[in-house]
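Observations on the three-dimensional arrangement
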Amino acid sequence: TTSRVSQGRDASSQLAVDLLNRGVAPQAIWDAVFQVGAEMLMRKPGILTLHSVTTANALHFAYQQTHDDATRRFLLLQAAAFSSMFRKRADANKGAAIDTFEPADGDVTLDDVFAEVGANKLKAAQKALRYLQSGGNVRSFMDAAQRLIYLKGTDSHDYKFSSAVLEDYYTLSPELRDRFLAASVHWLKGSTAKDNALIARTRAALG
């Protein structure tokens, strides 16, 4: 297993090198890295696929902060390698595809999206995609998602993941953003989830 994972990392990095040498823009490769992470999360929500998203976010942040070309290239190749590693370790090769899953039918409100999260995450993603593609307000979506994380989040990964996704939305090429954000509901909190203990204590203290 370790050997297969290592081979996959090497192949992914080599593919990224080949694409760069053919004149493909680094942005296109970053787009692929972010989309792969979101797709894995859709297929198999869990700690490994969550970290595929947050690792891409961290590597891209470092990429943006340095002006050294060699370092930037290294970070991009690392991102490609990590994507492959997480995919193999999580065994997230089958299931919904981020570029083909269909939006829900009919009119969809933000309340509809986040109420569905606790019942069926794929349906929630489809409703989110419908909301976003039909002109729904992205900022309102993000505000609602963050508010629910503060109310319902119980683990540091909840905060880390939501911060990464909401940051990375603006990093992707515009035509890819809605599907990426819609897929994120697989780890965001739904409105039907129980409030966390801190919220309960705070409300009690405030009377």
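To start, this report covers the structure provided alongside it. Bear in mind that the values here come from a model prediction, so they are computed numbers and not experimental data. Each chain carries its own residue numbering, running from 1 in the written order of its sequence. Where local features are concerned, this predicted model is filtered to residues with pLDDT of at least 70; where side-chain atom pairs are given and counted, the filter is 80 or more; whole-chain, interface and lining totals use all residues. Side-chain metrics in this entry use all non-hydrogen atoms of the structure; hydrogen atoms and water are not considered.

Moving on: helix α10 (residues 197–206). Whether a residue is buried, partly exposed or exposed follows from its accessible area with a 1.4 Å probe, protein chains only, as a fraction of its type maximum: under 20%, in between, or over 50%, in that order. By definition, any uninterrupted DSSP run of H or I lasting at least four residues is a helix, any uninterrupted run of E lasting at least two residues is a strand, and each is numbered from the N terminus. Of all 10 residues in α10, one are buried; the element is thus mostly exposed. A 3.5 Å cut-off defines polar contacts: any pair of N or O atoms within that distance qualifies, except that in protein one atom must be a possible hydrogen donor and the other a possible acceptor, and neighbouring residues in sequence count only when both atoms are side-chain atoms. Between a side-chain oxygen at the N-terminus of α10 and the backbone nitrogen of Leu198 the separation is 3.2 Å; the capping residue is Asn196. Note on α10: the residue one or two positions beyond its end, Gly207, has a positive phi of about 75 degrees.

This brings us to the pattern of salt bridges. Salt bridges are defined by distance alone: a side-chain nitrogen of Lys or Arg within 4 Å of a carboxyl oxygen of Asp or Glu. A complete count under the given rule lists eight salt bridges for this structure. Asp195 serves as the salt-bridge partner of Lys152, at 2.7 Å between the closest nitrogen and oxygen. Remark: Asp195 occurs in the loop between α9 (177–183) and α10 and Lys152 occurs in helix α7 (residues 138–152); sequence separation between them is 43 residues. Residue classification places Lys152 among the buried residues on the basis of a relative accessible area of 10%. Between Lys189 and Asp158 there is a salt bridge, with the nearest N and O atoms lying 3.8 Å from each other. Taken together, the residues span a long stretch of sequence, with Lys189 in the loop between α9 and α10 and Asp158 in helix α8 (residues 156–168) at a distance of 31 residues. Each of the salt bridges in this network shares a partner with another, and the network as a whole consists of Glu39, Arg43 and Arg87.

A few words now on the environment of Phe114. Tracing the sequence through the fold places Phe114 in helix α5 (residues 110–116). When its relative accessible area of 3% is taken as the criterion, Phe114 is described as buried. Placed 31 residues apart in sequence, Phe114 and Ala145 show a C-alpha to C-alpha distance of 8.1 Å.

What follows is about the packing of aromatic side chains. Two rings belonging to Phe, Tyr or Trp (six-membered ring only in the last case) form a pair when the distance between their centres is within 6.5 Å. Interplanar angles under 30 degrees mark stacking, angles over 60 mark edge-to-face geometry, and anything in between is tilted. A full pass over the atoms with the stated rule returns seven aromatic pairs. In textbook terms, an aromatic cluster arises when at least three aromatic residues are bridged by ring pairs, as seen for Trp30, Phe34, Tyr63 and Phe180. We call a charge positioned over a ring when the NZ of a Lys or the CZ of an Arg lies within 6 Å of the ring centre and within 35 degrees of the ring normal. Sitting over the face of the ring of Tyr63, Arg72 holds its NZ or CZ atom 4.0 Å from the ring centroid. Geometry around Phe101 places Arg179 over its ring, the cationic atom sitting 5.1 Å from the centre.

If you look at the biggest cluster of nonpolar residues, it comprises 47 residues, and the most contacted ones within it are Trp30, Val113, Phe114, Phe141, Leu181 and Val185. In terms of residue count, the dominant contributor to this core is helix α2 (residues 26–43) (seven residues). Here, residues are in contact when the closest pair of their heavy atoms is within 4.5 Å. For Leu181, the residues in contact, after removing those within four places along its chain, are Leu132, Val138, Phe141, Val165, Leu166 and Tyr169. Listed in part, the five residues of the second largest apolar core include Met40, Phe86, Ala90 and Ala92. In this text, buried Ala, Val, Leu, Ile, Met, Phe, Trp, Tyr and Cys residues form a nonpolar core when linked through side-chain atoms within 4.5 Å.

Helix span, as expected, comes to 1.5 Å for every residue beyond the first. The first and last C-alpha atoms of α7 sit 21 Å apart over 15 residues, in line with the 21 Å expected at 1.5 Å per residue. Those residues of α7 not exposed but buried are Val138, Phe141, Met142, Ala145, Leu148, Ile149, Leu151 and Lys152. Its buried side turned inward, α7 meets α5, α6 (121–133), α8, α9 and α10. At the N-terminal end of α7, a side-chain oxygen is found 2.9 Å from the backbone nitrogen of Arg139, two or three residues along, and the residue is Asn137.

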